[in-house]
Amino acid sequence: MNFDAYSTESLMFITTRPEIVFTHGKGAWLYDNNDKRYLDFIQGWAVNSFGHADDGIVEAMHKQASRLINPSPAYYNEPMARLAKLLTDNSAFDKVFFANSGAEANEGAIKLARKWGRKNKNGAYEIITFDHSFHGRTLATMSASGKAGWDTIFAPQVPGFPKAELNDIASVEALITDKTVAVMLEPIQGEGGVLPATREFMLALRELTRKHRLLLIVDEVQTGCGRTGELFAYQLSGIEPDIMTLGKGIGGGVPLAALLARDEVSVFEAGDQGGTYNGNPVMTAVGYEVISRMVAPGFLDGVRDSAAYLRQALLGLSEEYGFNGERGEGLLRALLLPSEIGPLIVNKARDLNPTGLLVNAARPNLLRFMPALNVTRDEIDQMIALLKQAIEASLPEGAATSAI
Ligand SMILES: *Cc1c(COP(=O)(O)O)cnc(C)c1O
């Protein structure tokens, strides 16, 4: 159907979007209003852990929706309890609070750390975060984020988030004062361009935070839930943080997020934390379906296997075109480009015919890949073939001819 038949003009402008409307999807494939199909290596922004319209997720939603949709957050429900237990059984944490978005889970983590500081550290409230980090789009999480320009656009900021540099332990140590209560980081900076914290840095951070009795908070909204080939990315370095947040992949596509903490840190008192939809049974039933499949024997091996295959394919491509290699962990990877042609390649890839490709340029000089965790080798091969076409259409000569 013609794009103009969809009245999108009532949607508030937040960003420029292509003139297509997505109508349905299955697995690695998305279809638009013209029935054109796209191979999807964005997957709802690293959200659809099992691809589009996954049968198990559809069934979990259906079953729960026909039983109970919302008893109110003032009461327990069965899926919320079941999912919380599954998460604590499979992580270093003892308690879970469910939220609806990564930003909301991070707000909860910030509040929990500040509350802990009030009780245990004489009102210390500062949380050291990192340059280029991304923690969400609420006022506090924007203030915690290290994105260029975000310190001023909605000024005044929420105070208390001094910024250190990733993988530079001295830069963290230099910011510690008697007001410091925690250090918060993404084990891999996703929006910042798939920049991993090194194992040595994670180990040093854990040691430093222990020494100064600070909480270590990992924002695993993007890296958690199988994305890196471990259930949670903190496991890559063998450390145990005090607080973790999850979002994106935990919901397999539906709005679900979580705040997890160790017992000693779970210090909220009645009224401190809440939210109308927290622990919604339909969302937590889906989360249970997602996590139970991820902890089933062999699943994470499959992710690591696909990741190794994707890595080799990207390295091959990089060599062929003289690019700067690739980086990442598991199925969160970036191809490093020689110049800022990322956005151009993204557009060319999407507009390929008859089959488009959806990839993201987290920064202009790289492409980010975040396929479904059950992506196949065949789909990776198809992605590389499409990407080559898009790259060739974007390289200087190609760009010049196609621009006419
Ligand atoms: C996406 C993301 C968030 C924000 O999650 P929302 O669900 O969009 O609020 C926070 N932290 C990280 C690391 C993310 O990737």
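All values derive from a computational prediction rather than experimental measurement.

What counts and what doesn't
Residues numbered from 1 in each chain as written. Predicted model: local features only at pLDDT ≥ 70, side-chain atom pairs only at ≥ 80, totals over all residues. Heavy atoms only, no water. Helix = DSSP H or I, 4+ residues; strand = E, 2+ residues; numbered from the N terminus. Buried < 20%, exposed > 50% of the residue type's maximum accessible area, 1.4 Å probe, protein only. Contact = heavy atoms within 4.5 Å. Areas by Shrake-Rupley, 256 points an atom, 1.4 Å probe, with all protein chains shown as cover. Lys, Arg positive; Asp, Glu negative; His and termini not counted. Charge placed at Lys NZ, Arg CZ, Asp CG, Glu CD. Pairing = 2+ DSSP bridges. Axes fitted to C-alpha atoms, helices over the stretch in contact; angles between N-to-C directions. Phe/Tyr/Trp six-rings, centres within 6.5 Å; stacked < 30°, edge-to-face > 60°. Lys NZ or Arg CZ within 6 Å of the ring centre and 35° of its normal. Salt bridge = Lys/Arg side-chain N within 4 Å of Asp/Glu carboxyl O. Polar contact = N/O pair within 3.5 Å; in protein donor to acceptor, adjacent residues only side chain to side chain. Near = heavy atom within 4 Å. Nonpolar A, V, L, I, M, F, W, Y, C, P; charged D, E, K, R; others polar. UniProt positions renumbered as here; feature names shortened; annotations may be inferred. 1 Å grid on protein atoms, 1.4 Å probe; cavity = no way out; pocket = protein on both sides within 12 Å on 5 of 7 lines; lining within 4 Å.

Colleague: Describe the overall build of the protein, listing the residues and the values that go with them.
Modeller: Assigned secondary structure in the protein consists of 12 helices and 17 strands. Taken over the C-alpha atoms alone, the protein extends approximately 65 × 55 × 45 Å along its principal axes. Evaluated residue by residue, the protein yields a buried proportion of 53% over its 404 residues. In the protein, the proportion of contacts linking residues at least 24 apart, taken out of those at least 6 apart, comes to 71%. A total accessible area of about 18000 Å² is found for the protein, and carbon and sulfur atoms account for 53% of it. Each charge sign in the protein was given a centre, from 38 positive and 48 negative side chains, and these centres are 5 Å apart.

Colleague: How would you sum up the sheet that holds strand β13 (residues 326–329)? Please name residues and give values.
Modeller: Taken in spatial order, the four strands line up as β13-β14-β17-β16 in an open sheet, and their pairing is antiparallel. Edge strands, defined here as strands with exactly one partner in the open sheet, are β13 and β16 (360–363). Each neighbouring strand pair of the sheet contributes to a mean axis angle of 30°, computed without reference to strand direction. Where β13 and strand β14 (residues 332–336) come together, four bridges link them in antiparallel fashion. Residue E329 lies in a different strand from β14, and its bridge partner there is L332. Strands β13, β14 and β17 (366–369) of the sheet are contacted by helix α9 (residues 299–321), whose axis makes an angle of about 5° with β14.

Colleague: Break down the packing of aromatic side chains for me, citing the residues and quoting the values.
Modeller: All chains considered together, the criterion is met by seven aromatic pairs. Aromatic pair F50 and F299: ring centres 5.6 Å apart, planes at 65°, arrangement edge-to-face. Of this pair, F50 sits in the loop between α1 (43–46) and α2 (55–67) while F299 sits in helix α9, placing them 249 residues apart in sequence. Residues F50 and F299 agree in their burial class; the two are buried. Joined through ring pairs, the aromatic side chains of F93, F232 and Y234 make up one cluster. One cation-aromatic arrangement involves R82 over Y288; the distance from NZ or CZ to the ring centre is 4.5 Å. Sitting over the face of the ring of F50, R293 holds its NZ or CZ atom 3.9 Å from the ring centroid.

Colleague: Please provide a residue-by-residue account of the side chain of E186, values included.
Modeller: Looking at the element boundaries, E186 is found in the loop between β7 (180–185) and β8 (188–189). In this structure E186 is buried but unpaired, with R368 as the nearest side chain of opposite charge at 7.4 Å. Side-chain polar atoms of E186 contact the backbone nitrogen of F134, separated by 2.8 Å. Side-chain polar atoms of E186 contact the backbone nitrogen of G190, separated by 3.2 Å.

Colleague: Summarise the pairing of strand β11 (residues 243–246); cite the residues concerned and give the values.
Modeller: Alternating residues of β11 divide into I243 and T245 and M244 and L246, and every residue in both groups is buried. With three bridges connecting them, strand β10 (residues 215–219) and β11 associate as parallel partners. Bridge pairing links D219 to T245 in β11.

Colleague: Go over the site of the ligand, please, and point to the residues and values.
Modeller: Taken together, S101, G102, A103, N106, F134, H135, G136, E186, D219, V221, Q222 and K248 form the complete shell of residues around the ligand. Contacts to the ligand include A103, whose backbone N or O atom sits 2.8 Å from an oxygen atom. Q222 places a polar side-chain atom, nitrogen or oxygen, 2.8 Å from an oxygen atom of the ligand. Coverage of the ligand by the protein chains reaches 81% of its 380 Å² of free accessible surface. Take the shell around the ligand: its biggest share by element is three residues, from helix α4 (residues 102–120). In terms of residue class, the shell around the ligand is made up of three nonpolar, six polar and three charged.

Colleague: So what's going on with the UniProt feature "binding site: pyridoxal 5'-phosphate" (unreviewed entry) in the protein? Which residues, and what values?
Modeller: Per the UniProt entry, the sites bearing "binding site: pyridoxal 5'-phosphate" (unreviewed entry) are G102, A103, F134, D219, E220, V221, Q222 and T276 in this numbering. The greatest C-alpha distance among the annotated residues, which extend across 175 residues, is 25.2 Å, indicating that they are dispersed rather than converging on a single site. If you take the residues mentioned a moment ago, the ones lining the second largest cavity come down to T276. Examined against the element boundaries, A103 turns out to sit in helix α4. Residues contacting A103, with those up to four places away along its chain left out, are H135, G136, R137, T138 and T141.

Colleague: An account of the pattern of salt bridges is requested, with residue identities and associated values reported.
Modeller: Counted under the stated rule, the structure contains 21 salt bridges. Of the charged contacts in the structure, one is a salt bridge between R206 and D242, with a shortest N-O distance of 3.0 Å. A residue pair is termed long-range when its members are at least 10 positions apart, and R206 in helix α7 (residues 199–211) and D242 in the loop between β10 and β11 qualify at 36 residues. Take D242: its relative accessible area is 3%, and that puts it in the buried class. Between E326 and R311 there is a salt bridge; the shortest N-O distance is 2.8 Å.

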